[in-house]
Amino acid sequence: MFDWIDSLSPSQQFVLFSAIKVAAAFSVLMFMVAYVVLLERRLCAFIQDRRGPNRAGPFGLLQPAADAVKAFLKEDFTPAHVRKVFYWLAPAIVMMPALINVAIIPFGSKIGGQSMVIADLNVGILYTFGFVSLGVYGIILAGYAANSKYPFLGGIRSTAQMISYEISMGLSVIPILLLVGNLNLSEIIRYQSGTVGWLPAWLPLPNWLVFQSPMTFLAFAIFLGAAFAETNRTPFDLPEAEQELAGGYNVEYSSIKFALFFMGEYANMILASAMMVTLFFGGWTLPVFGLDQPATTLPGGLAHIAIFLAKVFAFLVMFVWVRWMWPRFRYDQLMDLGWRRFIPLALANIVVTALVLWLKA
Amino acid sequence: MIVPRKPLSLWERLYLPAMIGGFKVTLRHFLSKKVTMQYPEEKWVVPEGYRGAPYLVRDQDGNTKCVSCQLCEFVCPPKAITITPPGPAGIPADRPNAEKIPQEFEINMLRCIFCGFCQEVCPEEAIFLMKDYSLTGAGRAEMIYNKEKLLALGGTHAGIRKWKHKLEEAQAQESFPVKPS
């Protein structure tokens, strides 16, 4: 049945498999975006002693479909005072970095000789940070294009916040790069197989980077905090603080353009979760049943994808839970935390990690 | 008033106690019983004395209690009630002690403000505000309830005797001296 694949040239095969992987990753991401929204609404309802949307389908599982229909059927209104080009461009730019970044996330080991990553880049992490920093343009443009006060304030806030936290985010990853000695995300995952060395063998703590040493744990903590700020989630959701900004940068938007901002936010959240899973929580590995080695069989490959998605899901639940647990930081506290806590800590972390590695060598 | 604020300890400044506290509270609420009522499936218990939709009632023998006196029509503040009296050659009353019976009795539920004046003014205990609060219809015409519909919805007189104290007063007048009620 699949004989014709072997008759293709290697470059043709590459195009074919890449296209399949792109389609699969894109559809899974979009599916997850839709259902994270539902997860958020249900979870927040439960935390607030409510039940949440449970009418559309069993347990409200068809709610995302209803939301999508609503978003598409609403009038797409363009206010007269907006700057049209940027107004149209902004929602797309918010959405794009998340979609582009999915390309380098290894979401599984191998299925039938194909590695489960769309582009196994040698500069994986640099690529990610490059595109994540483009994400800020979407929000800034939205705030600028709207040509009115509140969106503008939201845009200004997000500029300052995202640029500040990008620095600590980037710096926090450097100890990991020092340890692994490679920027390729697949190599970083391979580095995390097995169980940790500093515990006796009968205590099987996975050899994930978050558990390996205090420095890597600190790196994770800083990355996590910065990830919250980068995705504009509570406790750092100042760009869309409803109480202060009547909604923030997306005030002048309606219909599917408005929905795109939220899809972008949730896609970014999924991407941040996937990055944390890959960098600190062993990606698709699990140190039992030999699941920390690339799979040789189809069930093994599928199990790896399932493990990866389960880990991402755990992070998403955490993202959502935090939003309904804590109040928002004040603006000066946000800047204080970013510039005077995270950045010095991350810098110190780099130096300490380098010293430890130097002494060990 | 100046509120003295204790400086935070290092442990507190790590945000960790706040995190743990917040997590405990949210987890408790996450697991607790939900307050949302699943409305169409479960409904709240309507309390006694609730003023819902006004319906006409029949007496124990199944006869119409309304005698078409039109007091409710006159007292109705939003003019929701329209009564068509039978006239000299109209339909006869269906019970011995009544002179008249309404030929048609309509309540526009879109106009009704559920004030209860009709129930209060009725000398025959024929109209009561019941416990229905959710009235729906596919059009305005459907929301004008006619006599059959009102009687069907009202059912039999539920034993509420709002003129009981008047009756007792009148009975007390028979004997002398009058006993205070």
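Everything quoted here is computed from the prediction, not taken from an experiment. (Residues numbered from 1 in each chain as written. Chains lettered and ligands numbered in written order. Predicted model: local features only at pLDDT ≥ 70, side-chain atom pairs only at ≥ 80, totals over all residues.)

Enquirer: Just checking my understanding: could you explain the overall build of chain B for this structure?
Expert: Regarding its fold elements, chain B presents six helices and five strands. Its helices and strands in sequence order give chain B the pattern α-α-β-α-β-β-α-β-β-α-α, from N to C terminus. Here chain B has a C-alpha radius of gyration of 28 Å; the compact-globule value for 181 residues is 16 Å, and the former is much larger. The proportion of buried residues among the 181 residues of chain B is 17%. Restricting the contact set of chain B to residue pairs at least 6 apart, pairs at least 24 apart contribute 72%. (Helix = DSSP H or I, 4+ residues; strand = E, 2+ residues; numbered from the N terminus. Rg over C-alpha atoms; globule rule 2.2 N^0.38 Å. Buried ≥ 20, exposed ≤ 12 C-beta atoms within 10 Å, placed from the backbone. Contact = placed C-beta atoms within 7 Å.)

Enquirer: What exactly am I supposed to notice about the sheet that holds strand β5 (residues 144-145) of chain B here?
Expert: Picture the strands of a sheet paired through backbone hydrogen bonds; they go either parallel or antiparallel. All names here are of chain B. If you walk across this open sheet you meet the three strands as β2-β3-β5, and the pairing is antiparallel. Looking along the sheet, the strands with just one partner apiece sit at the ends: β2 (81-84) and β5. In this sheet, β5 lies alongside strand β3 (residues 104-108) in antiparallel orientation, the contact comprising two bridges. If you follow Ile107 over to β5, its bridge partner there is Tyr145. (Pairing = 2+ DSSP bridges.)

Enquirer: Help me understand the interface of chain B and chain A, please; the structure alone is not making it clear to me.
Expert: A common measure of how large an interface is: the accessible area buried when the components associate. Across the contact, nine residues belong to chain B and ten residues belong to chain A. In the side of chain B that touches chain A, the residues fall into three nonpolar, five polar and one charged. (Nonpolar A, V, L, I, M, F, W, Y, C, P; charged D, E, K, R; others polar.)

Enquirer: Just to check I follow, could you spell out unusual backbone geometry for this structure?
Expert: Glycine aside, residues mostly have negative phi, and peptide bonds are mostly found in the trans state. Even without glycine at this site, A:Ser255 takes up a positive phi of about 55°. Take A:Ser255: it is sitting in helix α11 (residues 255-280). Given 16 C-beta atoms within 10 Å, A:Ser255 falls into the partly exposed group. Backbone geometry at B:Lys79 places phi at a positive 55°, although glycine is not the residue there. Accessibility expressed as a C-beta count within 10 Å gives 11 for B:Lys79, which makes it exposed.

Enquirer: In this structure, what is going on with the confidence of the model for chain A? I would like to understand it.
Expert: The pLDDT averaged across chain A works out to 84; a share of 99% of its residues lies at or above 70. Mean pLDDT across the elements of chain A bottoms out in helix α10 (residues 242-245) of chain A (72) and peaks in helix α13 (residues 331-360) of chain A (89). (pLDDT = per-residue confidence, 0-100.)

Enquirer: Quick question: what am I supposed to make of the environment of A:Lys360 here?
Expert: All names here are of chain A. Following the sequence through the fold, Lys360 ends up in helix α13. We classify Lys360 as exposed; it has 6 C-beta atoms within 10 Å. Measuring from C-alpha to C-alpha, the distance between Lys360 and Arg233 comes to 39 Å, with 127 residues separating the pair along the chain.

Enquirer: Could you clarify how one ought to interpret the pairing of β3(B) in this entry?
Expert: As a general feature of sheets, a regular strand has side chains that alternate between the two faces. Residues and elements named next belong to chain B. Side chains Phe105 and Ile107 of β3 all project onto a buried face; the interleaved residues Glu104, Glu106 and Asn108 project onto a face where none is buried. Bridge count between β2 and β3: four bridges; the pairing is antiparallel. Pairing of Thr84 across the sheet is with Glu104, part of β3.

Enquirer: Which parts of the structure should I look at to understand the nonpolar core?
Expert: Most often, soluble globular proteins have nonpolar side chains that are buried together. Counting residues in each nonpolar core, the largest one holds 86 residues, and the members touching the most others are A:Ala267 and A:Ile270. For this core, the leading source of residues is α11(A), giving 15 residues. Among the nonpolar cores identified, the runner-up in size contains 23 residues, and B:Tyr55, B:Cys72, B:Ala80 and B:Cys122 belong to it. (Core = buried A, V, L, I, M, F, W, Y, C linked by C-beta atoms within 7 Å.)

Enquirer: Looking at this structure, how should I read the environment of B:Lys43?
Expert: All names here are of chain B. For Lys43, the location among the structural elements is in the loop between α2 (16-31) and β1 (54-56). Given 11 C-beta atoms within a 10 Å radius, Lys43 is considered exposed. It is 37 Å that separates the C-alpha atoms of Lys43 and Leu167, two residues lying 124 residues apart in sequence.

Enquirer: Just checking my understanding: could you explain the packing of helix α4 (residues 84-101) of chain A against α11(A) for this structure?
Expert: Each pair of packed helices can be described by the angle between their axes along with the distance between the axes. All names here are of chain A. Contact geometry of α4 with α11 gives a least axis separation of 8 Å together with a crossing angle of 25°. Comparing their axes, α11 and α4 come out roughly parallel. In terms of crossing hand, the pair formed by α4 and α11 is left-handed. Two secondary-structure elements touch here, α4 through Pro91, Val94, Met95, Ala98, Leu99 and Asn101 and α11 through Lys257, Leu260, Phe261, Met263, Gly264, Ala267, Asn268 and Leu271. Each residue belonging to the contact of α4 with α11 can be placed in one class, and the counts come to ten nonpolar, three polar and one charged. (Axes fitted to C-alpha atoms, helices over the stretch in contact; angles between N-to-C directions. Parallel < 35°, antiparallel > 145°, perpendicular 65-115°, else oblique. Left-handed = near helix turned anticlockwise from the far one by under 90°.)

Enquirer: Looking at this structure, how should I read the packing of helix α2 (residues 10-47) of chain A against helix α3 (residues 63-73) of chain A?
Expert: All names here are of chain A. As a packed pair, α2 and α3 sit with axes 9 Å apart at the nearest point and diverge in direction by 105°. Here α2 lies roughly perpendicular to α3, going by the angle between them. Residues Ala34, Tyr35, Val37 and Leu38 of α2 form the contact with α3, whose participating residues are Gln63, Pro64 and Asp67. In the contact of α2 with α3, the residues fall into five nonpolar, one polar and one charged.

Enquirer: Looking at this structure, I do not really get α2(A). What am I missing?
Expert: Counting along an α-helix, one turn takes 3.6 residues, and residues three or four places apart therefore face a common direction. The terminal C-alpha atoms of α2(A) lie 53 Å apart, and with 38 residues this matches the ideal 56 Å at 1.5 Å per residue to within 8%. Buried within α2(A) we find A:Lys21, A:Leu29, A:Met32, A:Val33, A:Val36, A:Val37, A:Glu40, A:Arg42, A:Leu43 and A:Ile47. In this structure, the buried residues of α2(A) make contact with α3, α11 and α12 (298-323) of chain A together with α2 of chain B. In the stretch just after α2(A), A:Asp49 is the one whose phi turns positive, near 65°. (Expected span 1.5 Å × (residues − 1).)

Enquirer: Help me understand the confidence of the model for chain B, please; the structure alone is not making it clear to me.
Expert: Reading predicted coordinates in detail is not appropriate for stretches of low pLDDT. Residue and element names in this part refer to chain B. Here chain B averages 86 in pLDDT, and 96% of its residues register 70 or above. Mean pLDDT per element in chain B: helix α6 (residues 164-174) is the minimum at 79, and helix α3 (residues 71-75) is the maximum at 93. Our summary of model confidence lists the complex with pTM equal to 0.80 and ipTM equal to 0.73.

Enquirer: Help me out: how do you make sense of α4(A) in this one?
Expert: Residues and elements named next belong to chain A. Under the 1.5 Å per step criterion, the end-to-end length of α4 is 27 Å for 18 residues, consistent within 8% with the ideal 26 Å. A bend of about 30° at Ala90 is the largest found in α4, and the proline Pro91 appears one to four places after it. Listed as buried for α4 are Tyr87, Ala90, Pro91, Ile93, Val94, Met95, Pro97, Ala98 and Asn101. In this structure, the buried side of α4 is in contact with α5 (124-146) and α11. (Bend = angle between axes of the 7 residues up to and from the residue.)

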